[in-house]
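Summary of structural features
One-letter residues, chain by chain:
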Amino acid sequence: MNPRQVAEYMFDQDEFSQWMNIKLIEVKENYCLIEMPIKKEMINGLKTVHGGVTFAFADSALAFSSNNSGDAAVALNCIINFTKAGKEGDVFRAESILVNDTRKTAVYDIKITNQNEELIAKFVGTVYKIGKKVIDL
């Protein structure tokens, strides 16, 4: 399978990413660009996007980029910095780019922006390569 097919295979089984209405915009090896509309159920008590939603969105980008070679990888460490509050009606985009790759780990930079290309959050995720194929899990 090519990277797009692997990401689509994963997405078909990912009920949470489907619930968030994530769309795979662009997928290539160790890279992805995804999009998500912000809906009412994602808003917190301060009328902004719940931080957990933004984190989960970035985590999905990490998953679709770090596994699309067909070799399974799981999150080992993730750090997020929130730079701007999102609101209902926004459309978030997450771009995940590989920045370091070793035999057992890889590091990805993920930038989350809104429909105006304003930076919402910066996420860095480290994954551990578990030595199995995505389709075998």
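If you look the protein up in an unreviewed UniProt entry, it shows as Acyl-CoA thioesterase from Chryseobacterium geocarposphaerae.

Things to note about the UniProt feature "domain: Thioesterase" (unreviewed entry) in the protein
In the UniProt entry, the feature "domain: Thioesterase" (unreviewed entry) is given for residues 47-120. Helix makes up 22% of residues 47-120 and strand 46%, and the two end C-alpha atoms of the span are 15 Å apart.

A few points about unusual backbone geometry
At Asn 30, a position not held by glycine, the phi torsion is positive, near 60 degrees. The topology assignment puts Asn 30 in the loop between β1 (23-28) and β2 (31-37). Relative accessible area serves as the criterion here: at 18%, Asn 30 is assigned to the buried category. Backbone geometry places Glu 117, a non-glycine residue, at a positive phi of 65 degrees. As for its placement among the helices and strands, Glu 117 is situated in the loop between β5 (105-113) and β6 (119-133). Judged by relative accessible area, which is 70%, Glu 117 ranks as exposed.

Thresholds applied
Residues numbered from 1 in each chain as written. Predicted model: local features only at pLDDT ≥ 70, side-chain atom pairs only at ≥ 80, totals over all residues. Heavy atoms only, no water. UniProt positions renumbered as here; feature names shortened; annotations may be inferred. Helix = DSSP H or I, 4+ residues; strand = E, 2+ residues; numbered from the N terminus. Buried < 20%, exposed > 50% of the residue type's maximum accessible area, 1.4 Å probe, protein only.

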